[in-house]
Structures are given as structure tokens and as C-alpha cells.
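One-letter residues, chain by chain:
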Amino acid sequence: MKKYRFLSALLIVVLLLLLLTACQTASTDDDKLLASTPSSSSSVTPPSYSTRPSTSTPATSTPATTFDPNSGYLWLHMENIGVGWEEYNLSDCVVGYLYWLDKEMHEVTLLLAEPITMHSKDGAYIYYVKEAEPTKVYRMLFTDQTQHELVYESTYGNITYIEVASDLKDLLQFVADEKKFIVYDMVSGESSVLMEQYYINCAWMYGTGDGVTWSEIIEFEGKHTENDSPYTIYVYNRVTGALELGDK
């Protein structure tokens, strides 16, 4: 009887040892699993997004076209005007836009995709007046058509003609409201009204040869009185006020 009791006790001890070993093994496995799983309160380094593709469209610019100033012509496209330019295909040109016509290749290149009313080229710049802003003169680099700047805003009225003479490079000459001839010194920032007439279609003044001294003579096409022809050429002395007919 004692023998059976001893075996029963031994069997119970063995079972308890087996159960204890199993529990320790499970505990060890759980610890390994927890150790491999990041805690929500632990410090986790976020992934770098430096190589993430951008969802925005990158800004692009059209490369400026470089021209030799002597290799072609500026062309302000006007409706139903193209006589004498049959070698150029102007069918796709937009009225009011500014183009470059290549002499040799007869290519037509768009320079300014915005309606303008007039332009004048001198040296590195093309001066122009926008149809939507008739009191302002802008200019763009001839060799880089992406570069534009406001040069002058008229306080005399709408600008109806502009000119930059090659021998007076820093002098913007313009007509305001078809009546006043004005010069604007682009260096000093000063403007002066040099002449007023009944009607001025266009007017211009040259230098005396040194590049800075203004001539006394202003030539203009227009009307001195109401009954004159609007296509009459006059010579006006801005110092004496004398007016006479010019060469047609």
C-alpha cells in the first residue's frame, strides 16, 4: 500500500515539473514576440520622404530664342496686312502678337503672345505698349524674351506712338493722346513735353551725333490744323517754335 502511495506521489511530482517547464517555455516565446514588436510609446524613426515622387507639376519655362538683330524683321501682325511678305507663312499668326521673320530661312517665330499696339527696337531691347495697358511702356530683352520690365507709365494720357532713336538710346520718345510729343530720360527719370499739335500720328527726334545731345528739330506726321491732311510731314523747331512743311 505504501508502495502505491509512493508511486502516486512521484507521478504527481513529475507532472508538476512538466507543467512548470511548459509554462516557462511559453513565457520565453511571448517575451521574444514582445521584444520584436515596436511599442506604440517607443521612439520610432519615420521613413525618409526625400525620394518620394512629387505630386505637383514642376515649373517649366520655354528657352529664349536668340536672334541676330540683322537677320530678320520684327512683325506686329495686323488683320489683312501681309502684302509684300508672301515668302512667309503668316496664316497662323494672331492679330496683335509680335513675331520675328527670319530673312534667310523665312521662318516665323512668336516673340510676344499678348496683344500690343506698337513697338520700337533699339539695341538689346524691344519696347512695346500692351493693348490692355495703353499708358505703360514695357521692354523685353531681344536675346531673352522671358525678361520683361515696366519702363514708364504716362501721366499725359494714352500712348499712341513710341520711338527709341539709335543715336539717343536712353531717350524714350512718345506721343500721348495723338497731340503731345514727349521725351522720357530713362537714366534720370525725367520727362518733358516738347511739342503739341492738333493731331500727331507719329513724331521723332534725332541726336546731334554725340549720342546724348538732342536736336532742335522734331519731325512729325499729322495735322497742324483741323483741315490739314493727316499724312502731312512737318518740321518743327522746338527751340524757336517755327513750323514748316517737310519732305514727303
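Refer to the structure above for everything that follows.
Residues numbered from 1 in each chain as written. Predicted model: local features only at pLDDT ≥ 70, side-chain atom pairs only at ≥ 80, totals over all residues. Heavy atoms only, no water.

(A) View of the side chain of glutamine 173. Here glutamine 173 is to be found in strand β9 (residues 171–176). Here the side chain of glutamine 173 touches methionine 205 through a polar contact of 2.8 Å, landing on its backbone nitrogen. With residues near it in sequence (within four places) discarded, glutamine 173 still touches Tyr161, Ile162, Glu163, Ala165, Leu168, Phe181, Ile182, Val183, Trp204 and Met205. (Helix = DSSP H or I, 4+ residues; strand = E, 2+ residues; numbered from the N terminus. Polar contact = N/O pair within 3.5 Å; in protein donor to acceptor, adjacent residues only side chain to side chain. Contact = heavy atoms within 4.5 Å.)

(B) Spatial organisation of the pairing of strand β3 (residues 108–112). Bridge count for strand β2 (residues 98–102) against β3 is four bridges, and the pairing is antiparallel. Following the sheet pairing, leucine 98 is matched in β3 by leucine 112. Between β2 and the antiparallel strand that follows it, β3, lie five residues; histidine 106 among them carries a positive phi value of about 60°. (Pairing = 2+ DSSP bridges.)

(C) Layout of the sheet that holds strand β4 (residues 116–122). Taken in spatial order, the four strands make up an open sheet running β4-β5-β6-β7, and their pairing is antiparallel. At either end of the open sheet lies a strand with only one pairing partner, and these are β4 and β7 (144–153). Averaged over all pairs of adjacent strands, the angle between strand axes in this sheet comes to 25°, irrespective of strand direction. Examined bridge by bridge, strand β5 (residues 125–130) and strand β6 (residues 136–141) share four bridges and lie antiparallel to one another. Across the sheet, the residue bridging to tyrosine 128 is tyrosine 138, located in β6. (Axes fitted to C-alpha atoms, helices over the stretch in contact; angles between N-to-C directions.)

(D) Highlighting the packing of aromatic side chains. By the definition in use, this model includes seven aromatic pairs. Geometrically, the ring pair formed by tyrosine 156 and phenylalanine 174 is tilted, given 6.5 Å between the ring centres and 50° between the ring planes. Placement of tyrosine 156 in the loop between β7 and β8 (159–163) and of phenylalanine 174 in strand β9 is noted, with a sequence separation of 18 residues between them. Here tyrosine 156 falls in the partly exposed class, since its relative accessible area comes to 21%. In this structure phenylalanine 174 comes out as buried when scored by relative accessible area, which is 0%. A network of ring pairs unites the aromatic residues Tyr152, Tyr156, Phe174 and Tyr184 as a single cluster. Over the aromatic face of phenylalanine 142 sits the side chain of lysine 121, whose NZ or CZ is 4.6 Å from the ring centroid. If you follow lysine 130 out to its NZ or CZ, it ends over the ring of tyrosine 138, 4.4 Å from the centre. (Phe/Tyr/Trp six-rings, centres within 6.5 Å; stacked < 30°, edge-to-face > 60°. Buried < 20%, exposed > 50% of the residue type's maximum accessible area, 1.4 Å probe, protein only. Lys NZ or Arg CZ within 6 Å of the ring centre and 35° of its normal.)

All we've got here are geometric facts, nothing functional implied.
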